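Residue-level structural notes
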Amino acid sequence: MRRLPRSIEEVAWAFPDAPRPLHDAGLKDCITRCTETVVGVYRGRVIAFGGLGRIQPGGYAFLRHLIVHPDYRGRGVGTRVLRHLTQRAFEHHRSREMHLRISSRNIPATLFFYELGFLPYGILSGEADPYGGGLMRLRLRWGDLEEE
């Protein structure tokens, strides 16, 4: 999974709590903080990873990680991983909302989440990613999903 990010910046976006450079112990620590995880495998190769944390039945779930290998982006892999995690949060855990933080510098991911129904609702004041982007808060509500 260390090969999923294509740059140091993507490591910070996908695994914000992990040490850099990303190593096995740091990655393992990120994974163990997740309540739910999904690993996308194609022809024996890990091509995607996603994880949920802080799941509160009747409250919210927090998307901690979502990354797709650069060779497989734009092919629906990230959408499938996110939809699976969304289903687990809303149907299995009975959360009412899913939240995430995203760097304002990560325009492709921001557009990806927006296209899937996530809407901005705030900026984390005083916090930034290590490369100078502000951190935005996005949210998807169960009611928003039902309207689709």
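The sections below set out a description of the structure shown in this document.

Reading guide: rules and limits
Residues numbered from 1 in each chain as written. Predicted model: local features only at pLDDT ≥ 70, side-chain atom pairs only at ≥ 80, totals over all residues. Heavy atoms only, no water. Helix = DSSP H or I, 4+ residues; strand = E, 2+ residues; numbered from the N terminus. Rg over C-alpha atoms; globule rule 2.2 N^0.38 Å. Contact = heavy atoms within 4.5 Å. Areas by Shrake-Rupley, 256 points an atom, 1.4 Å probe, with all protein chains shown as cover. Lys, Arg positive; Asp, Glu negative; His and termini not counted. Charge placed at Lys NZ, Arg CZ, Asp CG, Glu CD. Pairing = 2+ DSSP bridges. Axes fitted to C-alpha atoms, helices over the stretch in contact; angles between N-to-C directions. Buried < 20%, exposed > 50% of the residue type's maximum accessible area, 1.4 Å probe, protein only. Arc of directions from axis to C-beta. Salt bridge = Lys/Arg side-chain N within 4 Å of Asp/Glu carboxyl O.

It is worth spelling out the overall build of the protein chain at this point. A count of helical and extended segments in the protein chain gives 5 helices and 6 strands. Mapped in sequence order, the helices and strands of the protein chain form the string α-α-β-β-β-α-β-α-β-β-α. Its C-alpha atoms give the protein chain a radius of gyration of 15 Å, near enough to 15 Å, the size a compact globule of 148 residues would have. The principal-axis extents of the C-alpha atoms in the protein chain amount to approximately 40 × 40 × 30 Å. The long-range fraction of contacts in the protein chain, counting pairs at least 24 apart against all pairs at least 6 apart in sequence, stands at 57%. By element, 49% of the accessible surface of the protein chain is carried by carbon and sulfur atoms, the whole surface being about 8300 Å². When the 22 basic and 16 acidic side-chain charges of the protein chain are each reduced to a single mean position, those positions are 5 Å apart.

To continue, consider the sheet that holds strand S4 (residues 97–103). Spatially, S1-S2-S3-S4-S6-S5 is the arrangement adopted by the 6 strands of the open sheet, whose pairing is mixed. If you trace the sheet from one side to the other, it starts and ends with strand S1 (36–42) and strand S5 (119–128), each paired once. Recorded for the sheet is a direction-independent mean angle of 25 degrees between the axes of neighbouring strands. For S1 and strand S2 (residues 45–53), the ladder comprises 7 bridges, and the chain directions are antiparallel. In the sheet register, Glu 36 faces S2, and the bridge partner there is Leu 52. Against the sheet, helix H3 (residues 77–92) contacts S1, S2, strand S3 (60–68), S4 and strand S6 (134–141), and its axis sits at roughly 30 degrees relative to S2.

Next up on the list: helix H2 (residues 24–32). An α-helical segment advances 3.6 residues per turn. Residues three or four places apart therefore align on the same side. Where H2 is concerned, the buried positions are Gly 26, Leu 27 and Cys 30. Along the long axis of H2, the arc covered by the buried residues comes to 100 degrees, so they all point the same way. Within H2, the exposed residues directed more than 90 degrees away from the buried face are Asp 24, Ala 25, Lys 28 and Thr 32. Structurally, H2 contributes buried residues whose contacts are with S3.

Moving on: the pattern of salt bridges. Taken as a whole, this structure holds 7 salt bridges when the rule is applied. Here Glu 10 and Arg 6 are joined by a salt bridge, their closest N and O atoms 3.0 Å apart. Residue class for Arg 6 comes out exposed when judged on its relative accessible area of 58%. Between Arg 105 and Glu 9 there is a salt bridge; the shortest N-O distance is 2.7 Å. Note that Arg 105 is positioned in the loop between S4 and helix H4 (107–115) and Glu 9 in helix H1 (residues 8–14), a separation of 96 residues in sequence. According to the relative accessible area criterion, Glu 9 is buried, its value standing at 18%.

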